[in-house]
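Take a look at the letters that make up each chain.
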Amino acid sequence: MRKLAVGAIVALGLATAACGGGGSKTLSKEEYGSQLNAICQDANKAQKEIGTPSNLKELVTKGPQLRDAFNAAVAKAEKLKPPSELKANADKFISEVKELRDLITQLIDAARATNLQKVQEIGLKADALQKDVDSLAPKLGAPACATQST
């Protein structure tokens, strides 16, 4: 059961409370990476404070807190304006993180319905998507956004 959707739950760590910055100014490559990395570091810290669900009951109770934190961080990450050389990867990163957010909602709903098979199916999708996110994070100068760094 621990494998429930570890990728999706750890991905929640991507996006909690973030640093400020971004605004309407296009950031340099270094600024973008630094600010995105700080968002992920804060998110990883918040995720650890909430805790990683290890069963369906915990997914039902902790999942919404993790998802809310994730949503807040996604919003902050979206406000960052990447430089042109990072734009394609940054756009793909944000798009995939939003897909993960949707899968997390589905995970919580499946856990509420005590549908372990559905949780496992969604978890597999989330794990595959998380691998893509993990491969993009270092390219954006934000290694803390990859699950291996947590």
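Below, the structure is looked at part by part. (Residues numbered from 1 in each chain as written. Predicted model: local features only at pLDDT ≥ 70, side-chain atom pairs only at ≥ 80, totals over all residues. Heavy atoms only, no water.)

**Considering the overall build of the protein**
Working step 1: Looking only at helices and strands, the protein has 5 helices and 0 strands in total.
Working step 2: The N-to-C order of helical and strand elements in the protein reads α-α-α-α-α.
Working step 3: Evaluated residue by residue, the protein yields a buried proportion of 48% over its 150 residues.
Working step 4: Contacts in the protein between residues at least 24 apart in sequence constitute 77% of all its contacts with a sequence separation of at least 6.
Working step 5: Per element, the accessible surface of the protein, about 7100 Å² overall, is 51% carbon and sulfur. (Helix = DSSP H or I, 4+ residues; strand = E, 2+ residues; numbered from the N terminus. Buried < 20%, exposed > 50% of the residue type's maximum accessible area, 1.4 Å probe, protein only. Contact = heavy atoms within 4.5 Å. Areas by Shrake-Rupley, 256 points an atom, 1.4 Å probe, with all protein chains shown as cover.)

**Points about unusual backbone geometry**
Note: most peptide bonds trans; most residues except glycine with negative phi.
Working step 1: A positive phi angle is found at T114, which is not glycine, with a value near 50 degrees.
Working step 2: On the secondary structure map, T114 appears in the loop between helix 4 (84-112) and helix 5 (116-139).

**Description of the nonpolar core**
Looking at soluble globular proteins, one finds that nonpolar side chains tend to be buried together.
Working step 1: Within the largest apolar cluster, 36 residues are counted, with the highest numbers of intra-cluster contacts made by Y32, L36, F93, V119, L140 and C145.
Working step 2: Elements represented by at least two residues in this core include exactly helix 2 (29-50), helix 3 (56-79), helix 4 and helix 5.
Working step 3: Of the residues forming this core, the biggest block, 12 residues, is contributed by helix 4.
Working step 4: Once you skip the residues sitting within four places of it in the chain, L36 turns out to touch A77, L80, F93, L140, A142 and C145. (Core = buried A, V, L, I, M, F, W, Y, C linked by side-chain atoms within 4.5 Å.)

**A closer look at the environment of Q35**
Working step 1: Note on placement: Q35 falls in helix 2.
Working step 2: When its relative accessible area of 16% is taken as the criterion, Q35 is described as buried.
Working step 3: In the structure, Q35 is positioned 41 residues away from K76 in sequence and 9.9 Å away in space, judged by C-alpha atoms.

**Quick look at the packing of helix 4 against helix 5**
Two measures define how a pair of helices packs: the angle their axes make with one another and the distance between the axes.
Working step 1: Contact geometry for helix 4 and helix 5: axes closest at 9 Å, N-to-C directions at 160 degrees. Overall, the two elements helix 4 and helix 5 adopt an arrangement that is roughly antiparallel. Between helix 4 and helix 5 lies a crossing of left-handed hand.
Working step 2: Of the residues assigned to the contact of helix 4 with helix 5, the class counts are 14 nonpolar, 4 polar and 7 charged. (Axes fitted to C-alpha atoms, helices over the stretch in contact; angles between N-to-C directions. Parallel < 35°, antiparallel > 145°, perpendicular 65-115°, else oblique. Left-handed = near helix turned anticlockwise from the far one by under 90°. Nonpolar A, V, L, I, M, F, W, Y, C, P; charged D, E, K, R; others polar.)

**Digging into helix 2**
Working step 1: Taking 1.5 Å per residue, 22 residues should reach 32 Å; helix 2 reaches 32 Å between its end C-alpha atoms and fits that length.
Working step 2: Positive phi appears at G51, one or two residues downstream of helix 2, with a value of about 100 degrees. (Expected span 1.5 Å × (residues − 1).)

**A word on the side chain of D134**
Working step 1: Along the chain, D134 falls in helix 5.
Working step 2: For D134, which is buried and forms no salt bridge, the nearest opposite charge comes from K131, at a distance of 8.4 Å.
Working step 3: Of note is the side chain of D134, whose polar atom sits 2.7 Å from the side chain of Q130. (Lys, Arg positive; Asp, Glu negative; His and termini not counted. Salt bridge = Lys/Arg side-chain N within 4 Å of Asp/Glu carboxyl O. Polar contact = N/O pair within 3.5 Å; in protein donor to acceptor, adjacent residues only side chain to side chain.)

**Re the pattern of salt bridges**
Working step 1: In the structure shown here, the tally under the stated rule is 6 salt bridges.
Working step 2: The salt bridge partner of E31 is K25, with a shortest N-O separation of 3.2 Å.
Working step 3: Under the relative-accessibility criterion, K25 is labelled partly exposed at 47%.
Working step 4: One salt bridge in this structure joins K62 and E58, with 3.9 Å as the shortest N-O distance. With a gap of 4 residues between them, K62 and E58 both fall in helix 3, about one helical turn apart.

**Describing the environment of V119**
Working step 1: Of note, V119 is situated in helix 5.
Working step 2: With relative accessibility at 0%, the residue V119 sits in the buried group.

Don't take any of this as a statement about function, it's just geometry.
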